[in-house]
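Residues per chain, in single letters:
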Amino acid sequence: MKKRLFSGTAPTGVLTIGNYLGALRNWAVRQEEYDSLFSIVDMHALTVPRDGRELRQRSRDFLCLYLACGLDPEKSTLFLQSGNPAHGELAWILSCHTAMGELSRMTQYKAKAQKSGANAGLFTYPVLMAADILLYGTHLVPVGDDQKQHLELARRLAVRFNKKYGELFTLPEPLIPEKTGRIMNLKDPSSKMDKSHPERETFIALTDTPGEITRKISRAKTDSRGTFDLNDRESGIGNLVRIYSALTGLGEGTVVWEYEHRGYGPFKRDLAEILCESLRPIRERYGEIRGDESYLTELLKRGEEKARRKSEPVLTRVKEAVGLGI
Ligand code: TYM
């Protein structure tokens, strides 16, 4: 029996090079080895009010990008979170075992609540995320660095439950890329690249055209001294070198050695070209499949059925343990 893998993205904004290098690229590689579920976690998108029609379209945009990044529906389960009601059911049970303090400590909650005001959904979001993971007996969760704290909660809840009710949950392990777990904002290198940022200049979207990529990279923040100091947090050069290195497989030292005497101009020109070439197949594949609504519907239906089947054993055991049902 293959081990289980679960991961997902919330369909808000547009998928970026940060999502790709932090998560999606890793997924495609691991799907060979693991029984993998990749969800478009649309219920998570509701923590901020949005237009329903737009959300449904965006979920499909994300599905197409999953496919374009190499996720294979024959090997993996690709589905909408809302297509499997078990996520919500387990989330409720877990939330009754979660302390308020555990949730109010969450960094993402504090940051988002400050920005846009909080609702109860935003507050309990990490419990839903724990349910997403624990529902499938997941062993491995490939995510970016910003999800670390949420993963810790999922693990804590698994341990807590297992202590009280016996071995119900598998203890999930996070898989966070060492170099690309946190790709930074192109304009403000002290904050992470955010797919929902209102300014498009701050990120590279997976569907950006070569013209957009070139413009964004040429305007990306570096420093006024022209140095390649990768540890300078104020300068964006370390972030750009990490992206270069991740896409070419060259070590960061080799990249610095290649450009430190030639300067930012040639470095940025080459980086833009590397990005254009790396993203070209993704953008093209996306364009080919996005219009085929009936294929996408079929795929989501199939994914939904598979996901429901795979979650059944855990949910049944949990309900039995806590005393729900006949
Ligand atoms: P989301 O939708 O914000 O991001 C999707 C994935 O991309 C990673 N990521 C990044 N990696 C590197 N650099 C960045 N700048 C960057 N920005 C985002 C995220 O870490 C994530 O892996 N709560 C999750 C979605 C979720 C989930 C789950 C993930 C819900 N349930 C269960 C795994 C398992 C989120 O909002 O990710």
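Residues numbered from 1 in each chain as written. Predicted model: local features only at pLDDT ≥ 70, side-chain atom pairs only at ≥ 80, totals over all residues. Heavy atoms only, no water.

Draft legend 1. Geometry of the site of the ligand. Looking at the ligand, there are 26 residues lining it, with Tyr125, Asp132, Asp146, Ile183 and Lys195 nearest. A distance of 2.6 Å is found between a nitrogen atom of the ligand and a side-chain nitrogen or oxygen belonging to Tyr125. Within the side chain of Asp146, one N or O atom sits 2.4 Å away from an oxygen atom of the ligand. Protein burial of the ligand: of its 710 Å² of free accessible surface, 96% is covered by the chains. Within the residue set of the shell around the ligand, elements represented by two or more residues are β1 (4–9), α1 (17–30) and α6 (120–134). For the shell around the ligand, the residue count by class is 11 nonpolar, 11 polar and four charged. (Near = heavy atom within 4 Å. Polar contact = N/O pair within 3.5 Å; in protein donor to acceptor, adjacent residues only side chain to side chain. Areas by Shrake-Rupley, 256 points an atom, 1.4 Å probe, with all protein chains shown as cover. Helix = DSSP H or I, 4+ residues; strand = E, 2+ residues; numbered from the N terminus. Nonpolar A, V, L, I, M, F, W, Y, C, P; charged D, E, K, R; others polar.)

Draft legend 2. Structural context of the layout of surface pockets. The computed volume of the second largest pocket comes to approximately 420 Å³. Taken together, 20 residues line the second largest pocket, and the ones lying closest to its centre are Arg182, Met184, Leu230, Arg233 and Arg242. (1 Å grid on protein atoms, 1.4 Å probe; cavity = no way out; pocket = protein on both sides within 12 Å on 5 of 7 lines; lining within 4 Å. Points joined across faces, edges and corners; volume = space filled by probe spheres on them.)

Draft legend 3. Seen up close, the state of the cysteines. Within this structure, the stated rule accounts for zero disulfides. There is no disulfide at Cys64, and the cysteine sulfur nearest it, in Cys69, is 11 Å away. (Disulfide = S-S within 2.5 Å.)

Draft legend 4. Geometry of helix α2 (residues 52–68). The terminal C-alpha atoms of α2 lie 25 Å apart, and with 17 residues this matches the ideal 24 Å at 1.5 Å per residue to within 8%. Among the residues of α2, those classed as buried are Leu55, Ser59, Arg60, Phe62, Leu63, Cys64, Leu65, Tyr66, Leu67 and Ala68. For α2, the secondary structure elements touched by its buried residues are β1, α1, β2 (35–40), β3 (77–80), α11 (264–289) and α12 (293–322). Phi turns positive one or two residues past the end of α2, at Gly70, with a value near 105°. (Expected span 1.5 Å × (residues − 1). Buried < 20%, exposed > 50% of the residue type's maximum accessible area, 1.4 Å probe, protein only. Contact = heavy atoms within 4.5 Å.)

Draft legend 5. Structural view of the packing of helix α3 (residues 86–95) against α12. The geometry of α3 relative to α12 is characterised by a closest axis approach of 11 Å and an angle of 30° between their N-to-C directions. As summarised for this structure, α3 and α12 are arranged roughly parallel, according to the angle between their axes. Viewed along their axes, α3 and α12 form a crossing whose handedness is left-handed. Contacts between α3 and α12 pair Ala86, Glu89, Leu90 and Ile93 from the former with Ser311, Leu315, Val318, Lys319 and Val322 from the latter. Taken together, the residues of the contact of α3 with α12 break down into six nonpolar, one polar and two charged. (Axes fitted to C-alpha atoms, helices over the stretch in contact; angles between N-to-C directions. Parallel < 35°, antiparallel > 145°, perpendicular 65-115°, else oblique. Left-handed = near helix turned anticlockwise from the far one by under 90°.)

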